[in-house]
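# Fold and geometry: a report
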Amino acid sequence: MGAVSKPAEFLVSARSDLADARENWLKSLKTTRRLAANTLDAYERDTRQFFQFLTGHLGEPPALKDVATLRIVDLRSFLARRRNDGAGARTLGRGLAGIRSFLRFLEKQGMANAAASIAIRSPRQPKSLPKPLTMTDARRVVEKGEQLNEEPWIAARNAAVLTLLYGCGLRISEALGLDGGALTDPDARSIPITGKGGKTRMVPLLPVVHRAVAEYRKLCPYDLAEGTPLFRGARGGELHPAIIQRDMQKMRSALGLPDTATPHALRHSFATHLLGRGGDLRTIQELLGHASLSTTQVYTGVDSERLLEIYEKAHPRA
C-alpha cells in the first residue's frame, strides 16, 4: 500500500464566504495598491496560517462571521501559538500587519470590526545597534508598491519622501521642508538644501528621485503651488515626521525588517552605501551637511583602518 500523501500546505482552511473575501482582498492589494510580490506572498501565507489556527481554535473552519467578531484574546492566542512554533518577533509583527490589513479591508466593506487588531500591540522587536539597511532592503522600502497605505496618493507620497532620504541623503526635516515649487524641472541635476545652522548645500538628484516626486505630484489631490509645502498630510495640511515614522514602522513589520529600519536609517544607508562603493569621505560629508569629518566617520561606521586607506589614496604626501 502506497504512503499516504501529506495534505497540501497551501490549502486554506476556511468557509467559502471567508475564503472569497480573502481572495478579493489579495486581488485588491495587487491591482489597486500594487503591493510588491514578496509582500503579497507574505500576506497570503500569514492569513493562511491564521485561518489554520482558527480552525483548531474554533473546532471547525472559520467563516466570515467568526473573523468579523474577533477579540483581542483570539489574536493573542494566535501570536502565542506562533511563538511556541518558533516564530520570532519580526515574523509575528509582519503576520499581525497582514491580519490588520485584511480586517481593515473587511471593515470598509461593512463585513467586520477591525478594532481588536488595531488595539493589540505588535510584538516588541529585539533591540539592536543602529545600522544601515542592506541595499536590497533599502530599495524595497522606497518602492511605491511596498507602501502599506491604501490611498494611492499617500503611498506615492511616502515613497517619494523615503526616496529623498535614501537617494539624496536628506534629513527627514529637510525633505518635508521642501517647497511646492521644488523638483518641478525633470532635467535638474541638483537641488539646494538648507540644513542645520542655516547652511545651504547642493545635493545631486538621481532620475529615480524625479520619478518618485513626479508620481506623487500626479496623484496628490491638493494644489502643490510654490510657497506651499510639497508634502501634505491626509487632509492637505503640513506633513509631520511622526506620520512617516509611523508608516515606516508598519512597513517594517510587514517586510520583516529590523527595528533599526527607520527613516533616518535611510540617510545613514545613503552614506554607508556610497562609502562602500568607493565614495570619498569628504564628499559624503558635504552631501550630508556635516560640519565635522569626524561626525561623518562615526555616522558611516568607517573604522580607523578604512579611514587610513582613504587618506593614503587621497593625500598627496601618502
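So, here is what we can say about the structure in this document. Here the structure is a predicted model, which means the values were calculated and not measured.

### Side note on helix α12 (residues 263–276)
- Across its 14 residues, α12 extends 20 Å between first and last C-alpha, which sits within 8% of the 20 Å expected from 1.5 Å per residue.
- Most of α12 is tucked away, with 11 of its 14 residues classed as buried.
- Where α12 terminates, the next one or two residues include Gly278, which has phi positive at roughly 95 degrees.

### Examining the packing of aromatic side chains
- In the structure shown here, the tally under the stated rule is 9 aromatic pairs.
- Taking 5.1 Å as the distance between ring centres and 50 degrees as the angle between the ring planes, the aromatic pair formed by Trp25 and Phe102 counts as tilted. With a gap of 77 residues between them, Trp25 in helix α1 (residues 16–31) and Phe102 in helix α5 (residues 89–108) connect regions that are remote in the sequence. For the pair shown, Trp25 and Phe102 are each scored as buried.
- Linked through ring pairs, Trp25, Tyr43, Phe50, Phe51, Phe53, Phe78 and Phe102 together constitute an aromatic cluster.

### A word on the pattern of salt bridges
- Here the structure, examined in full by the defined rule, presents 14 salt bridges.
- For the salt bridge of Asp74 with Arg71, the shortest nitrogen-to-oxygen distance reads 3.2 Å.
- Under the relative-accessibility criterion, Asp74 is labelled buried at 7%.
- Taking the shortest distance from any N to any O, the salt bridge between Arg157 and Asp247 comes out at 3.9 Å. Taken together, the residues Arg157 in helix α8 (residues 152–168) and Asp247 in helix α11 (residues 241–255) connect sequence positions 90 residues apart. Each member of the pair Arg157 and Asp247 is classed as buried.

About the thresholds
Residues numbered from 1 in each chain as written. Predicted model: local features only at pLDDT ≥ 70, side-chain atom pairs only at ≥ 80, totals over all residues. Heavy atoms only, no water. Helix = DSSP H or I, 4+ residues; strand = E, 2+ residues; numbered from the N terminus. Expected span 1.5 Å × (residues − 1). Buried < 20%, exposed > 50% of the residue type's maximum accessible area, 1.4 Å probe, protein only. Phe/Tyr/Trp six-rings, centres within 6.5 Å; stacked < 30°, edge-to-face > 60°. Salt bridge = Lys/Arg side-chain N within 4 Å of Asp/Glu carboxyl O.

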